[in-house]
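Chains, contacts and geometry: an overview
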Amino acid sequence: MLLTDIHNHTTFSSDGRDSMETMLAAAYAKRLAWYGIADHFNYDYDRMRLTENGKPVPPIREAAYFKQGRKLQKEYAGRMHVLIGAEFGYDHATRTQTRYAETEQKYKPDFVVNSVHTCRGSDCYYPHYCDGKTRAYAYNLYLYRVLESLDAPYPYDIVAHIGYCARNATYDDFVLRYEDFADVLDEILKRIIAKGKILEVNSSAKKLGDFLPGADILTRYFELGGREVSFASDAHLAARVAEKRQLICDVLRRIGFTYITVPCRGRHSAVEI
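Description of the structure in this document. Keep in mind that what you see is a predicted model, and the values were worked out from it rather than measured.

Quick notes on the overall build of the protein
Within the protein, the secondary structure is distributed over eight helices and 15 strands. Expected size for 273 residues packed as a compact globule is a radius of gyration near 19 Å; at 17 Å, the protein falls within 12% of this value. If you line up the protein on its principal axes, its C-alpha atoms span 50 × 45 × 30 Å. Across the 273 residues in the protein, those meeting the buried criterion constitute 57%. Total accessible area computed for the protein in this model is approximately 11,600 Å², and 50% of it derives from carbon and sulfur atoms. On the protein, the mean spot of the 37 positive side-chain charges and the mean spot of the 36 negative ones are 4 Å from each other.

The following block contains the structure:
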């Protein structure tokens, strides 16, 4: 049984449903040994003035987030390892900006999740991302942005939810398969390994099924020598904490993985599956 769940959200994120206290209580009730919160730092949204469901996305209250997180971290000490991280949303302009690096230096999150949510001024999560684009174009656009994000100008630990662009895609054939995008996926996976980063297995896959990236991509990562994976339910409400952890544990074992990696302040802990 996986006793970790790294990368979850609270009401400090605009799309979070439950408080930090409620999320931590749920994790503790499920007997997790390691639980990580990584609320959204949407500097990509800020720059492009994007909206969520037609409404402006308010910026995270950074100081309040870390203050509350550190307080609860102390309260759970000795009972559960609570990690207070951050999810940084990479976009093309991030290459020349310092805002994420400055935030990391100021608040020292326990870990950073590096994510691609936006491409060409649109959030890939929403069905309208597919409008006017072929499947090959839309998915390649996203994947090459992921590849670019691996050279982000800020420290990060985890490469998040590869396949995000397909979660709500409108194509008849919407699955992002390794065989269809092997060249760019190989480059992404090789670079993750070379940089010593962690590939996330995310159980919030929406219409894609149980998790992303798919077992075919995870198998290829293992074949290339990748061994460091993290588990994330990516829960935005307490009921979804640690969702599908046993299923994912079984899949990872079949592929050959023997441990989950938990990052904390530059150190990687191997937690046996």
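Having seen it, we continue.
Description of the environment of glutamate 104
As for its placement among the helices and strands, glutamate 104 is situated in helix H4 (residues 99-107). With a relative accessible area of 12%, glutamate 104 lands in the buried category. Separated by 18 residues in sequence, glutamate 104 and alanine 86 have C-alpha atoms that sit 8.7 Å apart. Beyond its immediate stretch of four places on either side in the chain, glutamate 104 contacts Phe88, Pro109, Val112 and Pro155.

Describing the packing of aromatic side chains
Evaluated as defined, the whole model comprises 19 aromatic pairs. Ring geometry for phenylalanine 88 against tyrosine 154: centres 5.3 Å apart, planes inclined by 85°, an arrangement best described as edge-to-face. Note that phenylalanine 88 is positioned in strand E7 (residues 86-90) and tyrosine 154 in the loop between helix H5 (135-149) and strand E11 (158-159), a separation of 66 residues in sequence. Residue class for phenylalanine 88 comes out buried when judged on its relative accessible area of 0%. For tyrosine 154, a relative accessible area of 6% corresponds to the buried category. Here phenylalanine 222 and phenylalanine 257 contribute two aromatic rings whose centre-to-centre distance is 5.0 Å and whose plane-to-plane angle is 70°, an arrangement assigned as edge-to-face. Placement of phenylalanine 222 in helix H7 (residues 215-223) and of phenylalanine 257 in the loop between helix H8 (245-255) and strand E14 (259-264) is noted, with a sequence separation of 35 residues between them. Comparing phenylalanine 222 with phenylalanine 257, the two get one shared label, buried. Joined through ring pairs, the aromatic side chains of Phe12, Phe41, Tyr43, Tyr65, Phe66, Phe88, Tyr100, Tyr107, Tyr154 and Tyr156 make up one cluster. Against the face of tyrosine 28 rests arginine 79, its NZ or CZ located 5.1 Å from the ring centre. When the ring centre of tyrosine 43 is taken as origin, the NZ or CZ atom of arginine 99, which lies over that ring, is 3.8 Å away.

Quick look at the nonpolar core
With 79 residues, the main nonpolar core has Tyr139, Tyr142, Ile162 and Ile188 as its most contacted residues. A per-element tally of this core places H5 first, with seven residues. Those residues in contact with isoleucine 188 that sit more than four places away from it in its chain are Leu143, Val146, Leu147, Leu150 and Ile162. With 11 residues, the next largest nonpolar core counts Ile6, Leu83, Phe111 and Val271 among its residues.

Focus on H7
Taken together, the buried positions of H7 are occupied by Ile217, Leu218, Tyr221 and Phe222. An end-on view of H7 places all buried positions within 140° of arc, on one side of the element. Check the buried side of H7 and you find it contacts helix H6 (182-195), strand E12 (198-202), strand E13 (229-232) and H8. Glycine 225, located one to two residues past H7, shows a positive phi value of around 110°.

Comments concerning the environment of alanine 138
Turning to its location among the elements, alanine 138 is positioned in helix H5. The class for alanine 138 is buried, based on a relative accessible area of 0%. Dropping the residues within four chain positions of it, alanine 138 is found in contact with Tyr129, Lys133 and Tyr171.

Scoring rules and cut-offs
Residues numbered from 1 in each chain as written. Predicted model: local features only at pLDDT ≥ 70, side-chain atom pairs only at ≥ 80, totals over all residues. Heavy atoms only, no water. Helix = DSSP H or I, 4+ residues; strand = E, 2+ residues; numbered from the N terminus. Rg over C-alpha atoms; globule rule 2.2 N^0.38 Å. Buried < 20%, exposed > 50% of the residue type's maximum accessible area, 1.4 Å probe, protein only. Areas by Shrake-Rupley, 256 points an atom, 1.4 Å probe, with all protein chains shown as cover. Lys, Arg positive; Asp, Glu negative; His and termini not counted. Charge placed at Lys NZ, Arg CZ, Asp CG, Glu CD. Contact = heavy atoms within 4.5 Å. Phe/Tyr/Trp six-rings, centres within 6.5 Å; stacked < 30°, edge-to-face > 60°. Lys NZ or Arg CZ within 6 Å of the ring centre and 35° of its normal. Core = buried A, V, L, I, M, F, W, Y, C linked by side-chain atoms within 4.5 Å. Arc of directions from axis to C-beta.

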